[in-house]
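Here's the letter readout for the chains.
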Amino acid sequence: MTSTRSVNPLALNLRAVVGRAYPRIIGANREPSWVFFDAILPLLGIAAYVFIYEGFFRAPGADRTFANAMIGFVVLGGTMTAFWMNVLWSMASQLYWEKEMGNLQLYMMAPMSRMALLGGMALGGMFMTSTRAIVTLVAGVFVFGVHFDLANPLMILAVFFATLVALYGMGMMLASLYLLYGREAWHMSALLEEPIFLVSGFYFPIRAIEGVGAWGRAVLFGAAIIPATLGLDALRQLIFPGFFGGKFWLLSVELEFAILVVLCVVFLVLARVSLGYLEMLAKREGRLTSRHQ
Amino acid sequence: MDLAVETQQLTRVFTQRRKIFRRRRNGENGESEGPVTALDHVDLQIRDGELFGLLGPNGAGKTTLIKILATLLLPTSGIAKVAGHDVTKDPLPIRLKINMVSGGESSGYGLLTTRENVWMFSQFYGVSSKTAKARIDKLLHTFGLWEKRNAKVRNLSSGQRQKMNMIRGFVTDPDILFLDEPTLGLDVNASRVIRDYVKSWVKTTAGKTVLLTTHYMMEADELCDRLAIIDHGKILAVDTPENLKRRLKKETTFRLEVDPLKDTSRFKTIPGVKNFSLKSDGGASLEKLTFILEDEAAVSDIVSEVVRQGSKIHHLQKTEPTLEDVFISMVGRSLE
């Protein structure tokens, strides 16, 4: 060949991340209606739990500080729900959709790292979902009157970002499964959606699961693999300190943060390894290019 | 001589996929679907700077070959090299030098504008934004899409979308471009714009190679320096269009337009008939027959057979061989 190509891999992959994040970020501006469907409507589901706790703690003799904490739990859970839904339906399944749209083969033919592709998807997804999360938090403060204690903002931010990275790392790992199994992996997302709402304690203190007996501890142990579980528990500890004398906390904040950091590394490494392996399998079986399998 | 593409005994067999949630699906008659050989020991050499065509009917193996060369599919056996690198062992340096455009593809996102969409794909190749935008603007003018630069992709017509796909293919300035039926379903003008640009790109830019698959004979004849005729995964011939047609010079091509025939099987048994094809336009009243004759005297037997079946001959012409005639001569049927 007459020309030789040399591209700085770091520059190439950073450009790829920005390039892939762009449609998600710009898409948010192009179709404002999604704010109503993705940010405003989910508030109704959260409101239902808020009214349950509100009604319960209005009883004579009930402590209003508990009401604030419980409603705050729900608001934080609603915030994390947005990210979990995004990871499941827009992150994990995205490679399947890309194949259906005819984009996957163009992505796989490009010289960028596959992690850059997934990283761009994750970054764009986080940006979009943050809008829903912010709407939920703002509604928590102004509509439901929740008071957040932000005494340790650095730690709150650290836990929040560690949770997001671990969560999206998990999504990247799940995305590789879609690469091989396509539409059949759909069942997996459906299977993970509602049970995780329960076992991650999105709308109640996670330790309450212990109340179901011996199985409760096993469920708690399993749920700890989901970054949302640990992240939510740590954030709640930081924002609502001293709730019920700490009886409902899972582990200490420091330990939960450390586990989240480990999960970040584990999920990202697993995503890279599984994506490489499953891409090879998909190329062998001809699944990168054919649609409607 | 530098080779842009080289394959040795390249074979690709598709076997039935395993389903994790579904039972194994059987064919219409209940039998299990067997393996399909899409490429069968293909040996091919494409020179650097060449515009090379792959001519074959649907299912011949053209797209499979391109997908292997584009590092999207692994061969079952054999070797495929692009720009000197093995597609199986060393795909990254290949990916830096190639791009691919398929006919009728729907790449990108409908929410993005034409310009944004092409820019996004350029980023996956590490092209700086400044360079990418300059190239995009130039190509938008060349392909007559400048007016649609800020239109959302979902609002483009299929012809405009295909022009955008072509721009996506050229924006990374590849050394080797795979074009898989790039003018499929396009109108005459859009096809002309694409063909003209591809031709001038290869001829005026040093070291650029194009592998074009098509089943438009005229397109292959007009564009390609050399052609391979492929059918059932096998390469039947490789040569320049002129040389391929010259092979038929010692044979004679006759075209007939006749009323619908009851039975065409007898034509094959007439002495001197090498091959023939029949084209019928569905409900049309006339059928078009093309005969490749080793012995010109056979034409009288053909005419007799048509008359014997009670059919009327509306048109009879002896013609210079075309690529289509070459194809009929080798494969025994028409491309379309």
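Since we're looking at a predicted model, the values are computed, not measured. (Residues numbered from 1 in each chain as written. Chains lettered and ligands numbered in written order. Predicted model: local features only at pLDDT ≥ 70, side-chain atom pairs only at ≥ 80, totals over all residues.)

Engineer: Before we go on, may I ask you to explain the overall build of chain A in this structure?
Structural biologist: Broken down by element type, chain A carries twelve helices and zero strands. The C-alpha radius of gyration computed for chain A amounts to 21 Å, which stays within 12% of the reference 19 Å derived for 293 residues, consistent with globular compactness. Counting only C-alpha atoms and orienting by the principal axes, one finds that chain A spans roughly 85 × 45 × 35 Å. Burial analysis of chain A (293 residues in total) assigns 48% to the buried set. In chain A, 82% of the contacts between residues at least 6 apart in sequence involve partners at least 24 apart. (Helix = DSSP H or I, 4+ residues; strand = E, 2+ residues; numbered from the N terminus. Rg over C-alpha atoms; globule rule 2.2 N^0.38 Å. Buried ≥ 20, exposed ≤ 12 C-beta atoms within 10 Å, placed from the backbone. Contact = placed C-beta atoms within 7 Å.)

Engineer: Which parts of the structure should I look at to understand the domain arrangement of chain B?
Structural biologist: How big an interface is tends to be reported as the loss of accessible area on association of its parts. Taken as a whole, chain B is organised into domain 1 (3-107 + 171-245) and domain 2 (250-320). Between the C-alpha centres of domain 1 of chain B and domain 2 of chain B the distance comes to 33 Å. (Domains from an automatic or database assignment.)

Engineer: What is the right way to look at the interface of chain A and chain B in this model?
Structural biologist: With 38 residues of chain A at the interface, the matching set in chain B holds 36 residues. Secondary structure elements with two or more residues in the side of chain A that touches chain B: α1 (9-30), α6 (104-109) and α12 (253-285) of chain A. Here the side of chain A that touches chain B takes eleven residues from α1 of chain A, the largest share from any one element.

Engineer: Looking at this structure, how should I read the packing of helix α3 (residues 42-57) of chain A against helix α4 (residues 64-92) of chain A?
Structural biologist: Geometry of a packed helix pair, given as the angle between the helix axes and the separation of the axes. Residues and elements named next belong to chain A. Between α3 and α4, the least distance of the axes is 9 Å, while the angle of their chain directions is 165°. The angle between α3 and α4 falls in the class roughly antiparallel. The two elements α3 and α4 meet at a crossing, and its hand is right-handed. Across the interface between the two elements, Pro42, Ile46, Tyr49, Val50, Tyr53, Glu54 and Phe57 from α3 touch Arg64, Phe66, Ala67, Met70, Ile71, Val74, Val75, Gly78 and Ala82 from α4. The residue inventory of the contact of α3 with α4, partitioned by class, reads 13 nonpolar, one polar and two charged. (Axes fitted to C-alpha atoms, helices over the stretch in contact; angles between N-to-C directions. Parallel < 35°, antiparallel > 145°, perpendicular 65-115°, else oblique. Left-handed = near helix turned anticlockwise from the far one by under 90°. Nonpolar A, V, L, I, M, F, W, Y, C, P; charged D, E, K, R; others polar.)

Engineer: Before we go on, may I ask you to explain the sheet that holds strand β12 (residues 273-280) of chain B in this structure?
Structural biologist: Across a sheet, paired strands are connected by hydrogen bonds in the backbone, their directions being either parallel or antiparallel. Residues and elements named next belong to chain B. Strands sit in the order β12-β13-β11-β14 across an open sheet of four strands; the sheet is antiparallel. Each edge of the sheet is formed by a strand with only one pairing partner; in this case those strands are β12 and β14 (313-319). Strand-to-strand twist across the sheet, computed as the mean angle between neighbouring axes with direction ignored, equals 15°. Contacting β11 (252-258), β12, β13 (287-293) and β14, helix α9 (residues 298-308) runs over the sheet at an angle of about 155° to β13. Sheet strands in contact with helix α10 (residues 323-331) are β11, β12 and β13, and its direction is about 70° off that of β13. (Pairing = 2+ DSSP bridges.)

Engineer: Just checking my understanding: could you explain the sheet that holds strand β7 (residues 176-180) of chain B for this structure?
Structural biologist: All names here are of chain B. Pairing is mixed across the open sheet formed by six strands, whose spatial order is β6-β7-β8-β3-β9-β10. The two strands at the open ends of the sheet, each matched to only one other strand, are β6 (98-102) and β10 (234-239). Strand after strand, the sheet turns through a mean of 15° between neighbouring axes, direction not considered. Here strand β3 (residues 51-55) pairs with strand β9 (residues 226-231) via four bridges, running parallel. Note that in β9 the partner of Leu55 across the bridge is Ile229.

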